[in-house]
Amino acid sequence: MEGASGLANTPGTYDPELERIEIELLLEGVYRRYGFDFRSYAYASLKRRLWKRIYEDGLETITELQHRVLHDADAMERLLLDLSINVSAMFRDPTFFATFREQVVPLLRTYPFFRIWHAGCSTGEEVYSMAILLEEEGLYDRARIYATDINEVVLRRAKSGIYPLDKMQEYTSNYLKAGGTSSFSQYYTAKYDGALFSPSLTRNAVFSQHNLATDHSFGEVNVVLCRNVLIYFDRQLQERVHGLFYNSLSMFGMLALGSKESIKFSKYEDAYDTLSLRDKIYRKVA
Ligand SMILES: C[S@@+](CC[C@H](N)C(=O)[O-])C[C@H]1O[C@@H](n2cnc3c(N)ncnc32)[C@H](O)[C@@H]1O
């Protein structure tokens, strides 16, 4: 049957049962061939992204996409970029950083040394934002920062510390709303159309690949930030990741989630006190 787009198959004309079978086979293949486990990602958004890749690669069926990614690592890299939504921003949701300053920083001051884990850090904007905040609070040298993501490509960008110059106006405004106490422009130098952030902001940071769906914890941390990652996972995978964070956090450690995420309805809910309901900051108490 010819679909509206002129392609033989479109999501509208595909038999939903067949579609699910093919998607499951593709995800199983990707997992076994490359170790990337998307089998527990939220189905509707996964499906949309797979079809986007199918159209852009000029293919017609999910099975054709499966063939391509299993035989061609570059095709897999492209698919990985599609499936791992990498949108980020400096001082994203500024009130989160303002609340972190007000409520979490005083707690961190009582620690001689602490570890922060940015899980799903994408291109690193959150890591640089937190580093700036900690510098301004005089706490940076007590911190060890672990910045992880499933995707090596975004981690390379995070390490480079280069962001589009035309974003700086938006980021300056976010920085000020987040309670920035200095001048945002002192943290970067403009180079061509890029803003290169000071490498000293990552002097205590380690960037490494880590898959929340399959990997274990890598030691005890005092703060976990995992913002805008869990929304892409189904409930079962969200629960696994909550278990991972619970086991990684020290007692009285802090967990920060994205604005549309919550610890509510997880079996770990009772193990945390809520520090800020609006900004999704929790403290492990049991
Ligand atoms: C929307 S970004 C969030 C970036 C940043 N935390 C923020 O809030 O701006 C989501 C990130 O989660 C990462 N991600 C998706 N699945 C993952 C997994 N299984 N393990 C680790 N990271 C994952 C993606 O690669 C992407 O970089």
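Further up the page is the structure itself.
Cut-off values and rules
Residues numbered from 1 in each chain as written. Predicted model: local features only at pLDDT ≥ 70, side-chain atom pairs only at ≥ 80, totals over all residues. Heavy atoms only, no water. Phe/Tyr/Trp six-rings, centres within 6.5 Å; stacked < 30°, edge-to-face > 60°. Buried < 20%, exposed > 50% of the residue type's maximum accessible area, 1.4 Å probe, protein only. Lys NZ or Arg CZ within 6 Å of the ring centre and 35° of its normal. Pairing = 2+ DSSP bridges. Helix = DSSP H or I, 4+ residues; strand = E, 2+ residues; numbered from the N terminus. Near = heavy atom within 4 Å. Polar contact = N/O pair within 3.5 Å; in protein donor to acceptor, adjacent residues only side chain to side chain. Areas by Shrake-Rupley, 256 points an atom, 1.4 Å probe, with all protein chains shown as cover. 1 Å grid on protein atoms, 1.4 Å probe; cavity = no way out; pocket = protein on both sides within 12 Å on 5 of 7 lines; lining within 4 Å. Sits in = over half its atoms within 2 Å of the grid points. Nonpolar A, V, L, I, M, F, W, Y, C, P; charged D, E, K, R; others polar. Axes fitted to C-alpha atoms, helices over the stretch in contact; angles between N-to-C directions. Salt bridge = Lys/Arg side-chain N within 4 Å of Asp/Glu carboxyl O. Expected span 1.5 Å × (residues − 1).

> So what's going on with the packing of aromatic side chains? Which residues, and what values?
The description of an aromatic ring pair uses the distance of the two centres, along with the angle that the planes make with each other. A full pass over the atoms with the stated rule returns 20 aromatic pairs. Between Phe96 and Phe97, the ring centres sit 5.0 Å apart and the planes meet at 85°, which makes this aromatic pair edge-to-face. The two residues Phe96 and Phe97 agree in class, both being buried. Arranged with centres 5.2 Å apart and planes meeting at 40°, the rings of Tyr175 and Phe184 form a pair that is tilted. Residue class for Tyr175 comes out buried when judged on its relative accessible area of 0%. Counting every residue linked through ring pairs, the aromatic cluster contains Phe91, Phe96, Phe97, Phe100, Tyr128, Tyr163, Tyr175, Phe184, Tyr187, Tyr188 and Phe197. Just above the ring of Tyr43 sits the side chain of Arg20; from NZ or CZ to the centre is 3.9 Å. Over the ring of Tyr34 we find Arg33; its NZ or CZ atom is 5.6 Å from the centre of that ring.

> Any details on the pairing of strand S4 (residues 188–191)? Residues and values, ideally.
The sheet contact formed by S4 and strand S5 (residues 194–197) spans four bridges and is antiparallel. In the sheet register, Tyr188 faces S5, and the bridge partner there is Phe197. The hairpin formed by S4 and S5 contains two residues between the paired strands, and Tyr192 there has a positive phi angle of roughly 50°.

> So, the site of the ligand: which residues are in play, and what are the values?
The environment of the ligand is formed by 21 residues, the closest being Tyr41, Ser88, Arg92, Asp149 and Asn228. With respect to the ligand, the side chain of Arg92 contributes an N or O atom lying 2.7 Å from an oxygen atom. Compared with its free state, where it exposes 610 Å², the ligand has 99% of that area covered by protein. At a threshold of 2 Å from the grid points, most atoms of the ligand map onto the largest pocket. A per-class count over the shell around the ligand returns eight nonpolar, nine polar and four charged.

> Go over the sheet that holds S4, please, and point to the residues and values.
Pairing within the open sheet is antiparallel, and its three strands lie in the order S3-S5-S4. The open sheet has two edge strands, strand S3 (162–164) and S4, and neither has a second partner. Across the sheet, the mean angle separating the axes of adjacent strands is 30° when strand polarity is ignored.

> Let's hear about the pattern of salt bridges: which residues, and what values?
Any two side chains of opposite charge can pair if their charged atoms end up close together. Within this structure, the stated rule accounts for 19 salt bridges. A cluster of three or more residues bridged by salt bridges with shared partners is formed by Lys52, Arg53, Glu56, Asp57, Arg68, Arg78 and Asp82.

> So, helix H6 (residues 125–136): which residues are in play, and what are the values?
Compared with the 16 Å implied by 1.5 Å per residue over 12 residues, the 17 Å span of H6 between its first and last C-alpha is a close match. The element H6 is extensively covered by neighbouring structure, given that 11 of its 12 residues are classed as buried. Taken together, the buried positions of H6 are occupied by Glu125, Glu126, Val127, Tyr128, Ser129, Met130, Ala131, Ile132, Leu133, Leu134 and Glu136. Just beyond H6, the residue with positive phi is Gly138, at close to 70°.

> Got a sec to walk through the sheet that holds strand S7 (residues 221–226)? Specific residues and values, please.
The seven strands are arranged S6-S2-S1-S7-S8-S10-S9 in an open sheet whose pairing can be described as mixed. Of all the strands in the sheet, the pair left with one neighbour each is strand S6 (205–209) and strand S9 (272–276). With strand direction ignored, the average angle separating the axes of adjacent strands in the sheet is 20°. Relative to S7, strand S1 (residues 114–119) runs parallel, the two being bridged by three bridges. Paired with His118 across the strands is Leu225, a residue of S7.

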